[in-house]
Amino acid sequence: DAKTTQPTSMDCAEGRAANLPCNHSTISGNEYVYWYRQIHSQGPQYIIHGLKNNETNEMASLIITEDRKSSTLILPHATLRDTAVYYCIVSSTFKAAGNKLTFGGGTRVLVKP
Amino acid sequence: DTAVSQTPKYLVTQMGNDKSIKCEQNLGHDTMYWYKQDSKKFLKIMFSYNNKELIINETVPNRFSPKSPDKAHLNLHINSLELGDSAVYFCASSPRDRGNTIYFGEGSWLTVV
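What this report covers is the structure whose coordinates are included nearby. Along each chain, residue indices are assigned from 1 in the same order as the chain's sequence is written. Each chain is given a letter, starting from A, and each ligand a number, starting from 1, according to the order in which they appear as written. Predicted model: local features are reported for residues with pLDDT of at least 70 only, side-chain atom pairs are reported and counted for 80 or more only, and whole-chain, interface and lining totals are derived from all residues. Water and hydrogen atoms play no part in the side-chain values, which are based on all heavy atoms of the structure.

What about the interface of chain B and chain A?
In step 1: We call two residues in contact when some of their heavy atoms are within 4.5 Å. Facing 25 residues of chain B, the contacting portion of chain A comprises 24 residues.
In step 2: When two parts are brought into contact, each loses some accessible area as probed by a 1.4 Å sphere; the total of that loss over both is the buried area. Both sides together, the interface formed by chain B and chain A hides about 1900 Å², and carbon and sulfur atoms give 54% of it.
In step 3: On the chain B side of the interface with chain A, the three residues burying the most area are L43, N100 and F104 of chain B, jointly 30% of the side's total.
In step 4: Each salt bridge in this description consists of a side-chain nitrogen of Lys or Arg and a carboxyl oxygen of Asp or Glu lying within 4 Å of one another. Linking chain B with chain A are zero salt bridges.
In step 5: Polar contacts, as used here, are pairs of N or O atoms within 3.5 Å; protein pairs need one atom able to donate a hydrogen and one able to accept it. Residues neighboring in sequence count only if both atoms are side-chain atoms. Linking chain B to chain A there are three residue pairs in polar contact (both at pLDDT 80 or more).
In step 6: Contributing elements (two or more residues each) for the side of chain B that touches chain A: β4 (31-37), β5 (43-50) and β6 (53-57) of chain B.
In step 7: Top element by residues in the side of chain B that touches chain A is β4 of chain B. It accounts for four residues. Helix and strand assignments follow DSSP, with helices taken as H or I runs no shorter than four residues and strands as E runs no shorter than two, numbered in order from the N terminus.

Brief notes about the state of the cysteines
In step 1: When two cysteine sulfur atoms are found within 2.5 Å, that pair is recorded as a disulfide. Throughout the structure, instances matching the rule amount to two disulfides over all chains.
In step 2: Here C23 of chain B engages in a disulfide with C91 of chain B; their sulfurs sit 1.8 Å apart. Since a negative S-S torsion denotes a left-handed disulfide, the C23 of chain B-C91 of chain B link at about -80° is left-handed. Within this pair, whereas C23 of chain B is found in strand β3 (residues 19-25), its partner C91 of chain B is found in strand β9 (residues 87-94), the two being separated by 68 residues in sequence.
In step 3: Looking at C12 of chain A, it has no disulfide partner, and the nearest cysteine sulfur is the one in C22 of chain A, 17 Å off.

Structural notes on the environment of Q38 of chain A
Residue and element names in this part refer to chain A.
In step 1: Mapped onto the fold, Q38 is located in strand β3 (residues 31-38).
In step 2: The class for Q38 is buried, based on a relative accessible area of 10%.
In step 3: Here the alpha-carbon distance between Q38 and C88, two residues 50 residues apart in the chain, equals 12 Å.
In step 4: From its side chain, Q38 meets the backbone oxygen of Q42 in a polar contact 2.9 Å long. Throughout, exposure labels follow a simple rule: accessible area from a 1.4 Å probe, protein chains only, divided by the maximum for the residue type, with under 20% read as buried, over 50% as exposed, and the rest as partly exposed.

Here's the deal with the side chain of Q6 of chain B
Residue and element names in this part refer to chain B.
In step 1: Its location among the elements puts Q6 in strand β1 (residues 4-7).
In step 2: A polar atom in the side chain of Q6 sits 2.9 Å from the side chain of S108.
In step 3: Here Q6 is in contact with I21, K22, C23, W34, Y89, F90, C91, G105, E106, G107 and S108, once residues within four sequence places are set aside.

Observations regarding the packing of aromatic side chains
Aromatic ring pairs: the centre-centre distance and the angle between the two ring planes describe each pair.
Residues and elements named next belong to chain B.
In step 1: Pairs were defined over the aromatic rings of Phe, Tyr and Trp, the Trp ring being its six-membered one, requiring ring centres within 6.5 Å. Orientation was assigned from the angle between planes: stacked under 30 degrees, edge-to-face over 60, tilted for the rest. Counting across every chain of the model gives 13 aromatic pairs over all chains.
In step 2: Residues F64 and Y89 carry aromatic rings whose centres are separated by 6.2 Å and whose planes lie at 35° to one another, so their mutual orientation is tilted. With a gap of 25 residues between them, F64 in strand β7 (residues 64-70) and Y89 in strand β9 connect regions that are remote in the sequence.
In step 3: With relative accessibility at 0%, the residue Y89 sits in the buried group.
In step 4: Their ring planes at 85° and their centres at 6.4 Å tell us that F90 and F104 sit as a pair that is edge-to-face. Here F104 lies in strand β10 (residues 103-104) and F90 lies in strand β9, a separation of 14 residues in the sequence.
In step 5: Relative accessible area serves as the criterion here: at 1%, F90 is assigned to the buried category.

Digging into unusual backbone geometry
Residues and elements named next belong to chain B.
In step 1: The step from T7 to P8 runs through a cis peptide bond, and the omega angle for that step is 0°.
In step 2: Although it is not a glycine, K41 adopts a positive phi angle of roughly 75°.
In step 3: When you line up the elements, K41 lands in the loop between β4 and β5.
In step 4: By relative accessible area, which is 48% here, K41 ends up partly exposed.

Take a look at the structure:
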């Protein structure tokens, strides 16, 4: 699976949009971009994933560049409960078994009042 | 209802003891996992089972033995516990058709003294 690079940490203001960047310049054609987050003392939580089109769900939006070498996770209206470590992961998917998502260091996001 | 539940949540035990962590998922998923998160917060996969069959076995000491009595349960047995085994252990599961959309439990905090 391709490697990803994320900023170590970032702050954002409550109520504002939080834009979390991720670089994945070695992504291959069959690899998806996944985002997970881990709130303190909890298990990781799936947020969203995409291949090449932008995606949106009730939690966030995912913007993938046309060359697919980078992406941005957008939390449209950050709340204090969004404070967490956010992981960007690239992996081929839809394998019935044998998936082993590789979690890197992630971005520690602190939402401030 | 908790989707992926694991017990115990906290476990403090002495070196050399044998302990087990139990995991159950009520999502009807085919694949289950054990991940380990160490003190540096890196999350690494240990094992993966698909329909009770071992699929992934990362480089883990053979003191760690997973057991899957059925596809809804994946227990982790640890023999001869060592100080370095202290970590948070997360159980997880994923559906057959979306293997990288993984649902994690809340974690089991193991402290070996």
